[in-house]
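Structure assessment
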Amino acid sequence: MNLQSFCKGIRLNPEASQFLFDFQRDEESYDRHKQQFYNDRMTFFETVKQSPKYRQLFLYYYVRFAVDAYEEYQSRGIADQIYWDTFSDIEIWCSDCKRNFGEYGIQEYDWLQEHVQLRLFRLGRLQFQPLTFDRELEVEGKKIYKNQIVLNVHIPSGEPLEPQQVEQSFELARGFFRGITPLFICHSWLIYPELDEILIQTSNIMQFQKNFFIYQVDHDVREAEKRIFNKVSSDPSEYEALTTLQRSAKAYLMAGNKLGSGYGIKL
């Protein structure tokens, strides 16, 4: 795997790709920072952030780390399609950085560490991340124990959340994470119960929500506004409303309601 093949494989923006091709960093410096990342990532983050162009520097390092991770994917027998799908998140967050900060780079540096350390994988439409559950819970007569290993579900942006693709992802996860009981948890605005006030029951989002038993609700977090409008404003009347979801959400917020997030589990 090399830099050019990787950028092509994840469909990285040509301008961002050219920056990486032109970037000059000696291998000794790269190896030193790579070792720092794996040994003390918080110090690595702070070191990189001292650069005036730190978002571009994070893009460079994460692309290089992802290229290096290919060898480990091969040694574990993980399919190339999973490799490309997993690291397509770099392109997603690189484009998000351009939209929010006016430059191609990476702002979500803490999130992408999970990918390069092979702690998160995209399997079809969804991403899955093994972690320990933080509480005891009983759902439909089944007890889930504190510190039990579960599969945390993340929903990358960019594609419709079609029910058939969602179910296929759950099925792929059951096979990929052999040895882990297929208990799926999710913390997302997509499973906020009050979404049924602004969406029809047959919408993709409401169909996704039905996969989960919602055991906790956070009414104050504003992730939904960030995802729906690409920003958070103290005045919802400022939100641009071009889609049906945006128009419904804006009206709901202007009426004094909140759009929070839910915590759910799928047996």
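Higher on the page you've got the structure.
Residues numbered from 1 in each chain as written. Predicted model: local features only at pLDDT ≥ 70, side-chain atom pairs only at ≥ 80, totals over all residues. Heavy atoms only, no water.

Here the focus is the pattern of salt bridges. For the structure on display, the rule yields 15 salt bridges. The salt bridge partner of K49 is E46, with a shortest N-O separation of 3.9 Å. On the criterion of helical spacing, the pair formed by K49 and E46 is a turn pair, its members being three residues apart in helix α4 (residues 41-49). For K49, a relative accessible area of 33% corresponds to the partly exposed category. Overall, E46 belongs to the partly exposed group, its relative accessible area being 45%. In this structure, E136 and K143 form a salt bridge, with 3.8 Å as the shortest nitrogen-oxygen distance. Each of K53, R55 and E103 takes part in a single network of salt bridges with overlapping partners. (Salt bridge = Lys/Arg side-chain N within 4 Å of Asp/Glu carboxyl O. Helix = DSSP H or I, 4+ residues; strand = E, 2+ residues; numbered from the N terminus. Buried < 20%, exposed > 50% of the residue type's maximum accessible area, 1.4 Å probe, protein only.)

Take unusual backbone geometry next. Despite not being glycine, L118 shows a phi value in the positive range, around 55°. Examined against the element boundaries, L118 turns out to sit in the loop between α7 (109-116) and β1 (121-123). By relative accessible area, which is 10% here, L118 ends up buried. Although it is not a glycine, N230 sits at a positive phi angle of roughly 65°. Mapping N230 onto the fold places it in the loop between α10 (223-229) and α11 (244-254). Classification of N230 by relative accessible area gives partly exposed; the value is 38%.

A few words on the environment of E159. Checked against the element boundaries, E159 lands in the loop between β5 (149-154) and α8 (163-176). Remark: the alpha-carbon pair of E159 and R125, spanning 34 residues in sequence, is separated by 7.9 Å. In contact with E159, other than residues within four places in its own chain, are R122, R125 and Q165. Side-chain polar atoms of E159 contact the side chain of R122, separated by 3.4 Å. (Contact = heavy atoms within 4.5 Å. Polar contact = N/O pair within 3.5 Å; in protein donor to acceptor, adjacent residues only side chain to side chain.)

Of all six residues in strand β8 (residues 261-266), six are buried, a share of seventy percent or more. In β8, alternate side chains face the same way, and those of S261, Y263 and I265 on one face and G262, G264 and K266 on the other are all buried. As paired elements, strand β6 (residues 184-188) and β8 share five bridges and run antiparallel to each other. Residue pairing for β8: I185 is matched across the bridge by I265. Note that strand β7 (residues 213-218) and β8 share five bridges and pair antiparallel. Bridge assignment links V217 to a residue of β8, and that residue is G262. (Pairing = 2+ DSSP bridges.)

Attention shifts here to the layout of surface pockets. Estimates place the volume of the largest pocket at around 1,400 Å³. Residue lining of the largest pocket: 48 residues in total, with R125, I155, P156, S157 and G158 positioned closest to the centre. Contributing elements (two or more residues each) for the lining of the largest pocket: α6 (80-101), β5, β6, α9 (204-209), α10 and α11. If one sorts the elements of the lining of the largest pocket by residue count, α6 sits on top with 11 residues. Within the lining of the largest pocket, the residues separate by chemical class into 18 nonpolar, 17 polar and 13 charged. (1 Å grid on protein atoms, 1.4 Å probe; cavity = no way out; pocket = protein on both sides within 12 Å on 5 of 7 lines; lining within 4 Å. Points joined across faces, edges and corners; volume = space filled by probe spheres on them. Nonpolar A, V, L, I, M, F, W, Y, C, P; charged D, E, K, R; others polar.)

So, about the sheet that holds β7. Whether parallel or antiparallel, the strands of a sheet pair through hydrogen bonds between backbone atoms. Ordered by their spatial adjacency, six strands build an open sheet running β1-β2-β5-β6-β8-β7, and the pairing between neighbours is mixed. One side of each edge strand has no neighbouring strand; the edge strands of this open sheet are β1 and β7. Averaged over all pairs of adjacent strands, the angle between their axes in this sheet comes to 30°, without regard to strand direction. Where α8 meets the sheet, its contacts fall on β1, β2 (126-132), β5, β6 and β8, and the angle it forms with β2 comes to roughly 45°. (Axes fitted to C-alpha atoms, helices over the stretch in contact; angles between N-to-C directions.)

Across the interface, helix α2 (residues 14-22) lies against helix α5 (residues 54-75) with an axial gap of 10 Å and an inter-helix angle of 80°. Between α2 and α5, the crossing angle belongs to the class labelled roughly perpendicular. Contacts between α2 and α5 pair A16, F19 and L20 from the former with Q56, L59, Y60 and V63 from the latter. Grouping the amino acids of the contact of α2 with α5 by side-chain chemistry returns six nonpolar, one polar and no charged. (Parallel < 35°, antiparallel > 145°, perpendicular 65-115°, else oblique.)

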